[in-house]
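Structural overview
This is what each chain is made of:
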Amino acid sequence: MNVSLQNIDKVSALLTVKLEKADYQEKVDKALKSFRQKAQMPGFRKGMIPMSLIKKMYGKSVLAEEVNKLLSETVSKYIQDNKVNILGEPLPNEDKQPAIDFDTMDEFEFLFDIALAPDFKVEVSADDKVDYYDIEVSDEMVNDQIKAYTQRNGKYEKVDAYADKDMLKGLLAELDEAGNTKEGGIQVEGAVMMPAYMKNDEQKAVFANAKVNDVLVFNPHTAWDGNPAELASLLKVDKEAAVEVKSNFSFQVEEITRFVEGELNQEIFDQVFGEGNVKTEEEFRVKVKEAIAKQFVVDSDYKFLLDLRKVLMEKVGKLEFPDALLKRIMRANNPDKDEKFVEDNYDKSIEELTWHLIKEQLVKANDIKVEQQDIANMAREATRAQFAQYGMLNIPDELVENYVKEMLKKKESVEGLVNRVVETKLTDAIKPQVTLEHKSISAADFNKMFE
């Protein structure tokens with residue numbers, strides 16, 4: 001066996017692998033022997049078919065399979081042992097590859113085109129200035145979050161008079177043109193509705209200050225602007241029939257229910273931050289503000305990495321790539337796409353590849369490694385962050401661990417977690433090395449940068 005690498009230019013090479021009979025024959029013989037033990041043929045007992053017949057039947061296919069397996073292993077090992085910085089996968093050479101005939105040949109030569117990563121060096125220093133956005137936590141955000149907590153502990157109470165956003169329950173009856181209950185018309189007992197969500201203000205006003213036992217007349221079709229889903233839900237008929245109902249209806253109010261927010265008390269303090277950790281409203285507000293700020297740091301770091309990418313890509317400049325070969329690789333990786341797809345997406349893929357190579361160097365330079373514990377911790381962090389979006393901060397460890405176990409079962413989830421660990425560690429490592437240009441910004445303005 002002989003393997004050699006010939007550089008064509010700075011970013012491409014020709015890999016040649018020569019295999020002799022001695023390199024593969026033992027593997028072929030072993031495979032044929034295994035075939036013989038398993039093969040069945042009329043007139044022969046299992047395992048007793050003559051080897052000459054086995055070779056005649058399976059020899060060529062076994063030889064091709066074993067040579068290809070050996071070839072793949074040899075190429076991979078050579079690239080790994082010699083630390084060849086390859087882009088994509090080796091592709092069979094289209095010009096110089098000799099014809100292969102497994103019927104007549106016992107020595108084979110295979111040629112592969114290799115795309116090499118460009119040789120460059122990237123370093124960061126205090127001379128590199130990168131924007132860092134400090135997202136402001138406003139009093140309004142804190143108030144909204146606290147309101148979400150109190151609403152979660154709220155309850156519904158029966159009241160005597162209707163106010164905005166109350167819920168009404170009563171008897172709904174279709175009326176005829178004279179304003180009397182229509183014979184055979186639609187009637188719904190225990191109909192529930194919230195006039196605040198009506199689309200028509202005049203119809204909404206019909207229910208202002210309504211009291212229990214009042215009988216009110218309104219037009220559902222007008223009230224909900226003919227919305228099929230809303231009408232079908234209220235009238236208890238299918239959507240097609242609901243949009244055709246344009247009559248007035250009477251509504252006898254039987255019950256008025258109002259949502260009352262829960263009090264901001266020790267029960268809520270304990271629910272959110274754990275028992276006894278917060279004892280006053282002032283402490284609670286401080287903790288809520290800290291929790292929101294902590295969530296914003298993740299967003300700020302994400303934007304920092306995007307801005308760092310821009311700074312370093314400008315610093316590195318345009319790199320040389322084996323364009324023709326990389327386009328072949330793109331076509332090979334997207335067999336269902338046409339040539340236009342490659343042309344339309346090539347520049348963007350080169351941009352992503354350049355950043356990938358820059359990031360690889362930074363990861364290596366900062367000795368960043370990903371351990372299994374890092375992945376599990378990131379899964380826990382992601383789970384808690386997901387719950388935090390809904391204001392749920394004090395999640396039981398058992399529940400978190402169940403989510404983590406499910407995430408770690410999925411390959412896609414694990415790959416995503418690994419990337420997040422790398423980027424988090426890289427961000428933490430790079431921030432002290434560059435000059436951060438801090439910019440205070442509102443959450444609304446920060447979000448606009450991603451629109």
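Further up the page is the structure itself.
Every value quoted in this text rests on a predicted model; they were computed, and no experiment measured them.

Structural notes on the side chain of Ser-12
Within the fold, Ser-12 resides in strand β2 (residues 12-19). Its relative accessible area of 11% is what places Ser-12 among the buried residues. At 2.8 Å, the side chain of Ser-12 forms a polar contact with the side chain of Asp-9.

Let's talk about the pattern of salt bridges
Evaluation of the coordinates by the stated rule reveals 27 salt bridges. Arg-328 is the salt-bridge partner of Glu-94, the closest N and O atoms lying 3.5 Å from each other. Taken as a pair, Glu-94 in the loop between β3 (86-92) and β4 (108-116) and Arg-328 in helix α10 (residues 323-333) lie far apart in primary sequence, 234 residues in all. Given a relative accessible area of 17%, Arg-328 falls into the buried group. Two residues, Asp-131 and Lys-439, come together in a salt bridge whose shortest N-O distance is 3.3 Å. Residue Asp-131 is found in strand β5 (residues 129-135), and its partner Lys-439 is found in strand β11 (residues 435-441); the two are separated by 308 residues along the sequence. Here Lys-439 falls in the partly exposed class, since its relative accessible area comes to 35%. Taken together, the shared-partner salt bridges in this structure form one network comprising Arg-309, Lys-348, Glu-351 and Glu-352.

A short note on helix α14 (residues 411-430)
The end-to-end C-alpha separation of α14 is 28 Å, in line with the 28 Å expected for 20 residues at 1.5 Å each. Burial in α14 covers these residues: Leu-417, Val-421, Val-422, Leu-426, Thr-427 and Ile-430. Next to the buried residues of α14 lie α9 (281-316), α11 (339-365), α12 (372-388) and α13 (397-408).

A word on the packing of helix α8 (residues 266-273) against α9
As a packed pair, α8 and α9 sit with axes 11 Å apart at the nearest point and diverge in direction by 25°. As summarised for this structure, α8 and α9 are arranged roughly parallel, according to the angle between their axes. Seen from above, α8 lies across α9 with left-handed handedness. Counting all contacts with α8, which are made through Ile-268, Phe-269, Val-272 and Phe-273, the residues of α9 involved are Glu-281, Phe-284, Lys-287 and Val-288. Residue composition of the contact of α8 with α9, by class: six nonpolar, no polar and two charged.

Some thoughts on the packing of aromatic side chains
Tallying each qualifying case throughout the model produces 13 aromatic pairs. Each ring, one from Phe-207 and one from Phe-218, has its centre 5.2 Å from the other, and the planes form 70°; the classification is edge-to-face. A residue pair is termed long-range when its members are at least 10 positions apart, and Phe-207 in the loop between α4 (201-205) and β9 (215-218) and Phe-218 in strand β9 qualify at 11 residues. Accessibility expressed as a relative area gives 0% for Phe-207, which makes it buried. Given the relative accessible area of 2%, Phe-218 is considered buried. With centroids separated by 5.6 Å and ring planes inclined at 75°, the aromatic side chains of Phe-273 and Phe-284 adopt a geometry described as edge-to-face. Taken together, the positions of Phe-273 in helix α8 and Phe-284 in helix α9 put the pair 11 residues apart, joining distant regions of the chain. Of the residues examined, Phe-273 reaches a relative accessible area of 16% and is grouped as buried. For Phe-284, a relative accessible area of 0% corresponds to the buried category.

Some remarks on the sheet that holds β2
Sheet architecture is open: four strands sit in the order β1-β2-β4-β3, paired in antiparallel fashion. Strands at the two margins of the open sheet, each flanked by one partner only, are β1 (2-9) and β3. Across this sheet, the average inter-strand angle for adjacent strands is 25°, counted without regard to direction. As paired strands, β1 and β2 are joined by seven bridges and run antiparallel to one another. In the sheet register, Asp-9 faces β2, and the bridge partner there is Ser-12.

Some thoughts on the environment of Phe-120
Here Phe-120 lies in the loop between β4 and β5. Sequence separation of Phe-120 and Ile-358 is 238 residues, and the distance between their C-alpha atoms is 9.0 Å.

Remarks on the side chain of Asp-113
Within the fold, Asp-113 resides in strand β4. Here Arg-328 takes part through its side chain, which lies 2.9 Å from a polar atom of the side chain of Asp-113. When neighbours within four sequence positions are excluded, Asp-113 is seen to be in contact with Ala-13, Leu-14, Pro-90, Leu-91, Pro-92, Asn-93, Glu-94, Leu-325 and Arg-328.

Remarks on the nonpolar core
By size, the foremost hydrophobic cluster in this structure holds 35 residues, and its most contacted members are Leu-87, Leu-312, Phe-321, Leu-326, Ile-358, Leu-362 and Ile-430. Those elements that provide at least two residues to this core are β3, β5, α9, α10, α11 and α14. Excluding residues that lie within four positions of it along the chain, Ile-430 makes contacts with Val-124, Phe-304, Leu-308, Leu-362 and Asn-366. By size, the runner-up hydrophobic cluster in this structure holds 27 residues, among which are Val-28, Ile-49, Ala-64 and Ile-114.

With respect to the environment of Tyr-302
Among the secondary structure elements, Tyr-302 is positioned in helix α9. Measuring from C-alpha to C-alpha, the distance between Tyr-302 and Glu-423 comes to 8.6 Å, with 121 residues separating the pair along the chain.

Section: unusual backbone geometry
Keep in mind that most residues, glycine aside, have a negative phi and that most peptide bonds are trans. Its identity is not glycine, yet Lys-165 carries a phi of approximately 75°, on the positive side. The topology assignment puts Lys-165 in the loop between β6 (155-159) and β7 (167-174). The backbone of Asn-209 shows a phi angle near 60°, a positive value even though the residue is not glycine. Inspection of the secondary structure puts Asn-209 in the loop between α4 and β9.

Calculation notes
- Residues numbered from 1 in each chain as written.
- Predicted model: local features only at pLDDT ≥ 70, side-chain atom pairs only at ≥ 80, totals over all residues.
- Heavy atoms only, no water.
- Helix = DSSP H or I, 4+ residues; strand = E, 2+ residues; numbered from the N terminus.
- Buried < 20%, exposed > 50% of the residue type's maximum accessible area, 1.4 Å probe, protein only.
- Polar contact = N/O pair within 3.5 Å; in protein donor to acceptor, adjacent residues only side chain to side chain.
- Salt bridge = Lys/Arg side-chain N within 4 Å of Asp/Glu carboxyl O.
- Expected span 1.5 Å × (residues − 1).
- Contact = heavy atoms within 4.5 Å.
- Axes fitted to C-alpha atoms, helices over the stretch in contact; angles between N-to-C directions.
- Parallel < 35°, antiparallel > 145°, perpendicular 65-115°, else oblique.
- Left-handed = near helix turned anticlockwise from the far one by under 90°.
- Nonpolar A, V, L, I, M, F, W, Y, C, P; charged D, E, K, R; others polar.
- Phe/Tyr/Trp six-rings, centres within 6.5 Å; stacked < 30°, edge-to-face > 60°.
- Pairing = 2+ DSSP bridges.
- Core = buried A, V, L, I, M, F, W, Y, C linked by side-chain atoms within 4.5 Å.

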